[in-house]
Amino acid sequence: MRAISLAKFEENITNEDAAIAKECFIAVSDGAGGGGVFAEYWSHYLVAHLPDKPIKSFKAFDKWIERIWEPFYNDCEEKAKIIGGMFLNKFYDEGSFATLVAVWKNGEWISYGDSVAFCYNMKSGELQHSFTRLADFNNPPYLINCKDPLEKKGFRTGKFKITKDCIVFAASDALAHYILMMYEVTHFEHYAEELQEVIKAQTKNSNFIKTAMEMNTIDFQKDVIQKLKNSNRGFLLTNHIKGIKKKGLIGHDDYSIAMM
């Protein structure tokens, strides 16, 4: 069990992600700093308050948020009042935003936004995941707000088929895109149409895919899964991500992974 979260590779930058690994679940939350304030607090608050037993439906998820949001809001309101001015107004107007993905020990998972849960079978080479499709990383993610109602269509749930050969992990969006992209590129015969769709969109993600497709050989298990598995310390993960970033395979972001 482990969880590592890295800030963007810049000076004096706040890491808005949060990752947690407990005996009963793993989770990642990506605080969205593009809107609202206190994103880094909200992401940590969400993973810290997850229940030990799986959340099984949107109704249960909605009830859980309803139960936990108010203490966070009140605490941040006091902080915002001290800062005052436009900051306080922004808090009242926009609140705080974050994604969330969690996987419990029995394989049940929930997601809201573009952080992704994965289950990889080391024997069969099959990758299960909680996301929709690679092209959807180009769309703005659904975000949990500390003061506004949730949208039912932003919530997803499921259950992984886990065997003794499986590794279960969760990642924030930039790292999740890299993992899913590399899997689809190494299984091009099954995902050619989807990959071409993303390339035609001409986004930054299109460039990552084109770069991956130009690589001579990729062994997904050895080059992606095993390297992430071996990056079990912050400095090892930092070195690994800097390496794939240099190759033009991953975006500039905070990077979080939780693994069981």
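Residue numbering note: each chain is counted from 1, following its sequence as written. Only residues with pLDDT of 70 or above have their local features reported here, since the model is predicted, and side-chain atom pairs are shown and tallied only from 80 upward, although totals for entire chains, interfaces and linings are computed over all residues. Remark: hydrogens and water are excluded; side-chain values derive from all non-hydrogen atoms of the structure.

> Help me get a handle on the sheet that holds strand 1 (residues 2–6), residues and values and all.
Across a sheet, paired strands are connected by hydrogen bonds in the backbone, their directions being either parallel or antiparallel. A pair of strands is treated as paired once DSSP finds two or more bridges between them. Strands here are runs of E lasting at least two residues and helices are runs of H or I lasting at least four, both read from the DSSP assignment and numbered beginning at the N terminus. One open sheet accounts for 5 strands, arranged 1-12-11-7-8; its pairing is antiparallel. Looking at which strands have only one partner, the edges of the open sheet turn out to be strand 1 and strand 8 (127–129). Within this sheet the neighbouring strands show an average axis-to-axis angle of 20 degrees, counted without direction. When strand 1 meets strand 12 (residues 255–259), the two strands line up antiparallel, connected through 5 bridges. Its bridge partner being in strand 12, S5 is matched across the sheet by S256. Contact criterion: two residues are considered in contact whenever any of their non-hydrogen atoms come within 4.5 Å of each other. Each axis is a line fitted through C-alpha atoms, taken for helices only over the stretch in contact, and angles between the N-to-C directions span 0 to 180 degrees. Contacting strand 1, strand 7 (116–121), strand 8, strand 11 (166–171) and strand 12, helix 7 (residues 220–230) runs over the sheet at an angle of about 115 degrees to strand 7.

> How would you explain the state of the cysteines if you had to name every residue and give the values?
The definition used for a disulfide is geometric: two cysteine sulfur atoms within 2.5 Å. For the structure on display, the rule yields 0 disulfides. With no disulfide of its own, C24 has C119 as its nearest cysteine by sulfur position, at a separation of 18 Å. No disulfide involves C76; its sulfur sits 6.8 Å from that of C146, the nearest cysteine. Only protein chains enter the area calculation, which uses a 1.4 Å probe; residues under 20% of their type maximum are buried, those over 50% are exposed, and those in between are partly exposed. A relative accessible area of 1% means that C76 is categorised as buried.

> I'd like a rundown of helix 6 (residues 204–214), residues and numbers included.
Residues of helix 6 that are buried include every one of N205, S206, F208, I209 and A212, and no others. With its buried residues spanning 160 degrees around the axis, helix 6 presents them on a single face. More than 90 degrees from the buried face of helix 6, the exposed residues found are K204 and E214. By the N-cap criterion, in which a side-chain oxygen at the helix start approaches the backbone nitrogen of a residue two or three places on, helix 6 is capped by T203, the distance to N205 being 3.2 Å. Starting at the helix axis, one direction is taken to each C-beta atom, and the arc is that of these directions. Pairing of N or O atoms within 3.5 Å defines a polar contact, subject to two protein rules: one partner must be a possible hydrogen donor and the other a possible acceptor, and residues neighboring in sequence count only if both atoms are side-chain atoms.

> Lay out the environment of S231 with the relevant residues and their values.
Secondary-structure assignment places S231 in the loop between helix 7 and helix 8 (234–246). For the pair S231 and I4, spaced 227 residues apart in sequence, the C-alpha separation works out to 9.4 Å. Non-local contacts of S231, meaning those with residues more than four positions away in its chain, are made with R2, I4, L236, L237 and H240.

> Describe in detail helix 7, supporting the description with residues and values.
Every buried residue of helix 7 is accounted for by F220, V224, I225 and L228. One side of helix 7 holds all its buried residues, which, seen down the axis, span an arc of 75 degrees.

> Residue-level account of the nonpolar core, with values.
The criterion is simple. A nonpolar core is a set of buried Ala, Val, Leu, Ile, Met, Phe, Trp, Tyr and Cys residues joined through side-chain atoms within 4.5 Å. By size, the foremost hydrophobic cluster in this structure holds 42 residues, and its most contacted members are F169, L175, Y178, I179, M181, M182 and F220. A total of 10 residues in this core trace back to one element, the largest contributor, which is helix 4 (residues 173–186). When sequence neighbours within four positions are dropped, the list of residues in contact with M181 reads L134, F208, I209, A212 and L249.

> Outline the pairing of strand 11, listing residues and values.
Counting buried positions along strand 11 yields 6 of 6 residues, so the element is predominantly enclosed. Covered by surrounding structure in strand 11 are C166, V168 and A170 together with I167, F169 and A171, the residues of both alternating faces. When strand 7 meets strand 11, the two strands line up antiparallel, connected through 6 bridges. Along strand 11, the bridge assignment pairs F118 with F169. Bridge count for strand 11 against strand 12 is 3 bridges, and the pairing is antiparallel.

> For the packing of aromatic side chains, give the residues involved together with the corresponding values.
Each pair of aromatic rings taken from Phe, Tyr and Trp, with Trp reduced to its six-membered ring, is defined by centres within 6.5 Å and is described as stacked if the planes are under 30 degrees apart, edge-to-face if over 60, and tilted in the remaining cases. Throughout the structure, instances matching the rule amount to 22 aromatic pairs. When the centroid spacing of 5.8 Å and the interplanar angle of 40 degrees are considered together, the rings of F61 and W64 count as tilted. Here W64 and F61 lie together in helix 2 (residues 58–83), a separation of 3 residues that amounts to about one turn. Owing to a relative accessible area of 2%, W64 belongs among the buried residues under this scheme. Judged by centre distance (5.1 Å) and plane angle (20 degrees), the ring pair of F118 and F169 falls under stacked. Pair noted here: F118 is in strand 7 and F169 is in strand 11, with a separation of 51 residues, a long-range link. Look at F118 and you get buried, because its relative accessible area is 0%. In this structure an aromatic cluster arises from ring pairing among F38, Y41, W69, Y73, F87, F91 and Y92. Sitting over the face of the ring of Y41, K79 holds its NZ or CZ atom 5.1 Å from the ring centroid. Our definition puts a charge over a ring when NZ of Lys or CZ of Arg is within 6 Å of the ring centre and also within 35 degrees of the ring normal. Stacked on the ring of F9, the Lys or Arg K242 has its end atom at 5.2 Å from the ring centre.

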